[in-house]
2 protein chains.
Amino acid sequence: MSQETMPNWLDKRAKLTPNRVAIYFEKESITFEQLRQQSLQLAKKLTTIGVRKGTHLAVYGHNSVDFVRCVHAISYIGAVGVFLNTKLTAKEIVYQIEDAQCNYVIYDDALIEQMECVRDQTEVTACSFSALQRITITPFERKEEVDLADLHTILYTSGTTGYPKGVMLSYGNHWWSAVSSALNLGISDKDEWLVAMPLFHVGGLSTLFKSVIYGMPVHLYASFDVEAVHEAIMHQGVSHVSVVSLMANRLLKRLGEGQYPSCFRCMLLGGGPAAKPLLERAAMKQIPIIQTYGMTETSSQIVTLSAEDALKKIGSAGKALFSAECKIMIDYQEARPNEVGEIVVKGPMVTKGYYNRPDVNAQTIIDGWLYTGDAGYLDEDGYLYVVDRRKDLIISGGENIYPAEIESVLIGMEAINEVGVIGQEDCKWGQVPVAFIVVNKSYEVTFDEVMEYTQPKLAKYKLPKRIYVVSSLPRNASNKLMRRQLAEWLERGDVRIEHALD
Amino acid sequence: MSQETMPNWLDKRAKLTPNRVAIYFEKESITFEQLRQQSLQLAKKLTTIGVRKGTHLAVYGHNSVDFVRCVHAISYIGAVGVFLNTKLTAKEIVYQIEDAQCNYVIYDDALIEQMECVRDQTEVTACSFSALQRITITPFERKEEVDLADLHTILYTSGTTGYPKGVMLSYGNHWWSAVSSALNLGISDKDEWLVAMPLFHVGGLSTLFKSVIYGMPVHLYASFDVEAVHEAIMHQGVSHVSVVSLMANRLLKRLGEGQYPSCFRCMLLGGGPAAKPLLERAAMKQIPIIQTYGMTETSSQIVTLSAEDALKKIGSAGKALFSAECKIMIDYQEARPNEVGEIVVKGPMVTKGYYNRPDVNAQTIIDGWLYTGDAGYLDEDGYLYVVDRRKDLIISGGENIYPAEIESVLIGMEAINEVGVIGQEDCKWGQVPVAFIVVNKSYEVTFDEVMEYTQPKLAKYKLPKRIYVVSSLPRNASNKLMRRQLAEWLERGDVRIEHALD
């Protein structure tokens, strides 16, 4: 029989290495034993206001130690955490609270105004972090063990079409995610992981579980500040940092001709396909960028490049982690090597489904295989290349165009800082690709210059037909490009589009 | 829900790192991809002779690549491996084959004579490794996945009283053992583990699973040869070695004033409590000896000291691994810190029981807790100290005496190379402790000298009443001292007892 229960993770970690630092945040640092005591205390307070085993508890906060305590307090009660994106509108928050059937929400005091709007629109017991602090504790029967089958988290996905869906993640999902990552990246008692992504996204949240399971300090940041992160890597013993392309780009620019210290061993790059010029620049400078592919539904990473392959397979997201599997499907047939199709994954870190969405679950998870909706291929050696999110696919005159391919060419121009590509309706071709660029202030750039640079690199049908200059691109809280919003800007002639190149 | 199935481990490993070396043995080295192909080939041949899913297949061999292939071939068939101790008599082998209900035995050609005797006494289909090689393959339907609940191994325990019992170990037991060990010792792609213990014991066998799960080369040796092992640590990139006290002692003597290279990071010391002088000598020389406690029933380690505690808690076996728990019980009550009682453990690496022994299982495994029969205590910080195997307890005048305590004092004498202590019947005290020593050839030693050395260190009732000189101590295949045999020698006045000190 396989394992179903084990001692509470934070308890166990605090027994093993009580005095090791668990979290660095701003000027604060707390050890695993302190985190255990504080989380247990918080669990008691939550119980006092009525949170019970099985309660769906919404948590609405920016990155903070309070947030971390919540994640663990939940495990002492056996409640389920629904972590809300702080960038959402009140209406969107209300939707998630109701969809996930939350009776309670606890929130960051900084978000009180937004919370007031939420409370106007729904009946939920709300309590701020500071109000919780003041509560007098009543006796409490804590949960001693974790059951891997139990639900810990519901996280809403960005929602490609229709309403967002709540991804259910169990203790087992989080456990296997942490263990499988360790089997790929290795673990050492010198590891320290920097997180400047929101904890309400799986990329941030998953490091908290790694922290207690590995006994590893997390350097937590309220947001991504290139100076602070650079400084931490250079001088504070950080060994790992989780990034998306944009962050990696900025860090590399900040590094300039410098070099990272040798203890820095992994810049884990997720959140969508990365631009090749970035990876090549990093490879040249021996910066340990390790590409990975994952999503909320897979509790973060499920396919990751190994350090030893990082330079051999630039642009690949690697192979499925030890306990996981990955294949490419075209019309329910397995694709041949190098054939682009839908990325389909399986493994113990994969969600059992979306909360209360039996219809979607039946379509998305078939025989334990999750159909991701993303496009990619496996090369002849079995390495995954993510081509694009399928939903962003542009079909032009019958040809498939993946925006990320065009973006990765354009970003190679010195004059271009950021780029996003979408399809625009076209009466002749059905759709044509158009690009949105953020121009480096020290440059002027014309349409012809972009074409001159691009033409040798892309087939004619892939060349952007129009190029719009914007001052910034729409990104979600984890800094992922939101292409759907670009399409909306275009549709309504949004003022954020400064002008089109001629 | 927790994970039940995953891709076959060797397949997965060969996909991830096909060209990494899996096994070094004598002049040979084979990669994971080669090992995969060869193991699959062997699986086909075994199927041809009639081995099927669920078949109990006895494997009777010395350490070799053939043995390693067997361990994995079993997983491609879904058979169960019963690994036989090559030191056993034919009668003992027959007992285990019949008790485990094996229909097939495959054996090392070097063991043909012993095998003939076995075949005279039981009906079992036997096939030598070389005969298997010559078999023509028939079509074969391989098992693609492993189910963690399935049985992989039956290993017979040395047997303290009565007949030996077959410990059942599942894929899940082996998996969690490997993963839990990694969470304690860390894993790096530079790790290489040296095994000079028999693969038919769990200490050896478990490293084969670590090898495929971590992607780590194993340096396999036919037996423990201090010169060869020393050489491998010094010059062949070995990072870990599994040892028992005796081996550690010899290695340290061989090292003399030298130093191990920095890539050597773990001398994992199991197989019973270690003598303190040994540990102190190692600590002084900064040799990374890491004590561990485990047994066949726990798939090897279950309690292990961490590297950071190795020097702070000399003599302790550490704390229960991440997914495991350990407590001390006295008359079904949990002991207080520093109180000696029975060591009781729980965790996903613990066997579900002995094969066909419902009565013993009901007594030994209670609510998932394994009652080990070993004596020990937890200090106030929760570190385990193994006092002794309970079965070896000497009760003298109502006082409990643990042989290992006396042994660890005596081994501190320069003149003494090895020592074993047992209880001898005594009409006054019930039992008294007596010692068997192997004397260092460059020394002469008298009873009085031993007493002079010992008296300041041990309470009077613990002083050995007689000291016998022998040329070697009886040890089992994993070099564990067999105290029961010493008692037999004493009883029948065996010639191996050279003389008593006066």
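Residues numbered from 1 in each chain as written. Chains lettered and ligands numbered in written order. Predicted model: local features only at pLDDT ≥ 70, side-chain atom pairs only at ≥ 80, totals over all residues. Heavy atoms only, no water.

- Per an unreviewed UniProt entry, chain A is named 2-succinylbenzoate--CoA ligase, and its organism is Pontibacillus litoralis JSM 072002.
- We quote the UniProt Sequence similarities (unreviewed entry) comment for chain A here in full: "Belongs to the ATP-dependent AMP-binding enzyme family. MenE subfamily."
- In the Function (unreviewed entry) part of its UniProt record, chain A is described as follows: "Converts 2-succinylbenzoate (OSB) to 2-succinylbenzoyl-CoA (OSB-CoA)." (UniProt positions renumbered as here; feature names shortened; annotations may be inferred.)

Side note on the nonpolar core
One broad rule of soluble globular proteins: the nonpolar side chains tend to lie buried together.
Part 1 of the argument: Membership of the largest hydrophobic core comes to 202 residues, with the highest contact counts inside it found for Trp 9, Ile 23, Trp 175 and Met 267 of chain A together with Trp 9, Trp 175 and Met 267 of chain B.
Part 2 of the argument: Residues contacting Trp 9 of chain A, with those up to four places away along its chain left out, are Val 146, Leu 148, Tyr 171, His 174, Trp 175, Phe 209, Val 212 and Ile 213 of chain A together with Phe 322 of chain B.
Part 3 of the argument: Ile 401, Phe 447, Leu 463 and Leu 501 of chain B belong to the second largest nonpolar core, which has 24 residues in total. (Core = buried A, V, L, I, M, F, W, Y, C linked by side-chain atoms within 4.5 Å. Buried < 20%, exposed > 50% of the residue type's maximum accessible area, 1.4 Å probe, protein only. Contact = heavy atoms within 4.5 Å.)

Focus on the packing of helix α4 (residues 90–99) of chain B against helix α5 (residues 112–121) of chain B
Residue and element names in this part refer to chain B.
Part 1 of the argument: Following both chains from N to C, one finds α4 and α5 inclined at 55 degrees, their axes separated by 9 Å at the closest point. The pairing of α4 with α5 is recorded here as oblique in orientation. Remark: the crossing between α4 and α5 carries right-handed chirality. Counting all contacts with α4, which are made through Ala 90, Lys 91, Ile 93, Val 94, Ile 97 and Glu 98, the residues of α5 involved are Gln 114, Cys 117, Val 118 and Gln 121.
Part 2 of the argument: A class-by-class count of the residues in the contact of α4 with α5 yields six nonpolar, two polar and two charged. (Axes fitted to C-alpha atoms, helices over the stretch in contact; angles between N-to-C directions. Helix = DSSP H or I, 4+ residues; strand = E, 2+ residues; numbered from the N terminus. Parallel < 35°, antiparallel > 145°, perpendicular 65-115°, else oblique. Left-handed = near helix turned anticlockwise from the far one by under 90°. Nonpolar A, V, L, I, M, F, W, Y, C, P; charged D, E, K, R; others polar.)

As for the interface of chain B and chain A
Part 1 of the argument: Facing 38 residues of chain B, the contacting portion of chain A comprises 38 residues.
Part 2 of the argument: For the pair chain B and chain A, the number of links is four salt bridges.
Part 3 of the argument: Between Glu 308 of chain A and Arg 20 of chain B there is a salt bridge, with its nearest N and O atoms 2.4 Å apart.
Part 4 of the argument: Our enumeration of links across chain B and chain A arrives at 13 residue pairs in polar contact (both at pLDDT 80 or more).
Part 5 of the argument: When contributions to the side of chain B that touches chain A are tallied by element, the ones reaching two or more residues are β1 (5–7), α1 (9–16), α7 (171–185), α8 (202–214) and β17 (319–320) of chain B. (Salt bridge = Lys/Arg side-chain N within 4 Å of Asp/Glu carboxyl O. Polar contact = N/O pair within 3.5 Å; in protein donor to acceptor, adjacent residues only side chain to side chain.)

Regarding the pairing of strand β10 (residues 166–170) of chain B
Residue and element names in this part refer to chain B.
Part 1 of the argument: Counting buried residues in β10 gives five out of five residues, a clear majority hidden from the surface.
Part 2 of the argument: Burial along β10 is two-sided: the residues Gly 166, Met 168 and Ser 170 and Val 167 and Leu 169 are all buried.
Part 3 of the argument: Pairing between strand β9 (residues 151–156) and β10: five bridges, direction antiparallel. Across the sheet, Leu 151 pairs through a bridge with Ser 170, a residue of β10.
Part 4 of the argument: Judged from the two bridges that link them, β10 and strand β21 (residues 353–354) form a sheet pairing that is antiparallel. Residue pairing for β21: Val 167 is matched across the bridge by Tyr 354. (Pairing = 2+ DSSP bridges.)

Quick look at the side chain of Arg 357 of chain A
Residue and element names in this part refer to chain A.
Part 1 of the argument: Mapped onto the elements, Arg 357 comes out in the loop between β21 (353–354) and α12 (358–364).
Part 2 of the argument: The exposure class assigned to Arg 357 is buried, which follows from its relative accessible area of 14%.
Part 3 of the argument: Apart from residues lying up to four places away in sequence, Arg 357 is in contact with Tyr 95, Asp 99, Pro 164 and Lys 165.

Here's the deal with the environment of Ile 106 of chain B
All names here are of chain B.
Part 1 of the argument: Locating Ile 106 in the fold gives a position in strand β6 (residues 104–107).
Part 2 of the argument: What makes Ile 106 buried here is its relative accessible area of 0%.
Part 3 of the argument: Along the backbone, Ile 106 and Ser 130 are 24 residues apart, and their C-alpha atoms lie at a distance of 9.8 Å.
Part 4 of the argument: In this structure, Ile 106 is in contact with Leu 46, Leu 57, Ala 58, Val 59, Tyr 60, Cys 70, Cys 127, Phe 129 and Leu 132, ignoring residues within four places of it in sequence.

Here's the deal with the pairing of strand β27 (residues 416–426) of chain A
Residues and elements named next belong to chain A.
Part 1 of the argument: Sheet topology places β27 next to strand β28 (residues 430–439); 10 bridges connect them, and they run antiparallel. Bridge pairing links Asp 426 to Gly 430 in β28.
Part 2 of the argument: Linking two consecutive strands that pair antiparallel, namely β27 and β28, is a turn of three residues.

Focus: the pattern of salt bridges
Part 1 of the argument: Under the counting rule described, the total for this entry stands at 43 salt bridges over all chains.
Part 2 of the argument: Across the salt bridge formed by Glu 33 of chain A and Arg 36 of chain A, the nearest N and O atoms sit 3.0 Å from each other. Taken together, the positions of Glu 33 of chain A and Arg 36 of chain A, both in helix α2 (residues 32–49) and three residues apart, correspond to about one turn of that helix.
Part 3 of the argument: Of the charged contacts, one joins Glu 418 of chain B and Arg 475 of chain B as a salt bridge, the two residues approaching to 3.0 Å between their closest N and O atoms.

Digging into the packing of aromatic side chains
Part 1 of the argument: Under the counting rule described, the total for this entry stands at 21 aromatic pairs over all chains.
Part 2 of the argument: Centroid distance Trp 9 of chain A to Tyr 171 of chain A: 5.6 Å. Interplanar angle 75 degrees. Geometry classified as edge-to-face. Pair noted here: Trp 9 of chain A is in helix α1 (residues 9–16) and Tyr 171 of chain A is in helix α7 (residues 171–185), with a separation of 162 residues, a long-range link.
Part 3 of the argument: For Trp 9 of chain A, a relative accessible area of 4% corresponds to the buried category.
Part 4 of the argument: A relative accessible area of 5% places Tyr 171 of chain A in the buried class.
Part 5 of the argument: An aromatic cluster is built from Trp 9, Tyr 171, Trp 175, Trp 176, Phe 209 and Phe 322 of chain A together with Trp 9, Tyr 171, Trp 175, Trp 176, Phe 209 and Phe 322 of chain B, whose rings are joined through pairwise contacts. (Phe/Tyr/Trp six-rings, centres within 6.5 Å; stacked < 30°, edge-to-face > 60°.)

With respect to a positive patch on the surface
Residue and element names in this part refer to chain A.
Part 1 of the argument: Together, Lys 428, Lys 460, Lys 465 and Arg 466 line one region of the surface with positive charge.
Part 2 of the argument: Within the fold, Arg 466 resides in strand β29 (residues 466–470).
Part 3 of the argument: In this structure Arg 466 comes out as partly exposed when scored by relative accessible area, which is 32%. (Patch = residues over 30% accessible without salt bridge, like charges linked within 9 Å, V, L, I, M, F, W, Y side chains within 5 Å. Areas by Shrake-Rupley, 256 points an atom, 1.4 Å probe, with all protein chains shown as cover. Lys, Arg positive; Asp, Glu negative; His and termini not counted. Charge placed at Lys NZ, Arg CZ, Asp CG, Glu CD.)

Let's talk about the relation of the copies chain B and chain A
Part 1 of the argument: Taken as rigid bodies, chain B and chain A are interconverted by a rotation of 180 degrees and an axial shift of 0.0 Å, the fit giving an RMSD of 0.1 Å. Interpreted geometrically, this transformation is the action of a two-fold axis. Considering only C-alpha atoms, the residue of chain B closest to the rotation axis is Ile 187 of chain B, which sits at 2.6 Å.
Part 2 of the argument: Comparing contact sets, 100% of the residues at the interface of chain B also lie at the interface in chain A, consistent with an isologous, same-surface contact. (Least-squares fit on C-alpha atoms with pLDDT ≥ 70 in both.)

Considering a negative patch on the surface
Residue and element names in this part refer to chain A.
Part 1 of the argument: A cluster of acidic residues, Glu 444, Asp 448, Glu 449 and Glu 452, forms a negative patch at the surface.
Part 2 of the argument: Here Glu 452 lies in helix α14 (residues 447–454).
Part 3 of the argument: Among the residues examined, Glu 452 registers a relative accessible area of 61% and is labelled exposed.

Brief notes about the sheet that holds strand β30 (residues 497–500) of chain B
Residue and element names in this part refer to chain B.
Part 1 of the argument: Here four strands make up an open sheet; going across it, the order is β27-β28-β29-β30 and the pairing mixed. A single partner strand is all that each edge strand has here, and the edge strands are β27 (416–426) and β30. The average angle at which neighbouring strand axes cross in this sheet is 30 degrees, direction not considered.
Part 2 of the argument: As judged from the four bridges shared by strand β28 (residues 430–439) and strand β29 (residues 466–470), these two strands associate in the parallel manner. Looking at the pairing, Ala 435 lines up with Ile 467 of β29.
Part 3 of the argument: Contacts from helix α15 (residues 483–492) reach β27, β28, β29 and β30 within the one sheet, and its direction differs from that of β27 by about 65 degrees.

Considerations on the packing of helix α10 (residues 245–255) of chain B against helix α11 (residues 276–284) of chain B
All names here are of chain B.
Part 1 of the argument: Here α10 crosses α11 at 40 degrees, and the two axes come no closer than 11 Å. When the axis of α10 is compared with that of α11, the two are oblique. Judged by the twist between their axes, the crossing of α10 over α11 is left-handed. Side by side, α10 and α11 meet where Ser 245, Ala 248, Asn 249 and Leu 252 of the first sit next to Leu 278, Arg 281 and Ala 282 of the second.
Part 2 of the argument: Residues of the contact of α10 with α11, tallied by class, amount to four nonpolar, two polar and one charged.

A look at the environment of Val 360 of chain A
Residue and element names in this part refer to chain A.
Part 1 of the argument: Looking at the element boundaries, Val 360 is found in helix α12.
Part 2 of the argument: Spatially, the C-alpha atoms of Val 360 and Trp 193 are 35 Å apart, while their sequence positions differ by 167 residues.
Part 3 of the argument: Ignoring sequence-local partners within four residues, the contact set of Val 360 consists of Lys 165 and Tyr 354.

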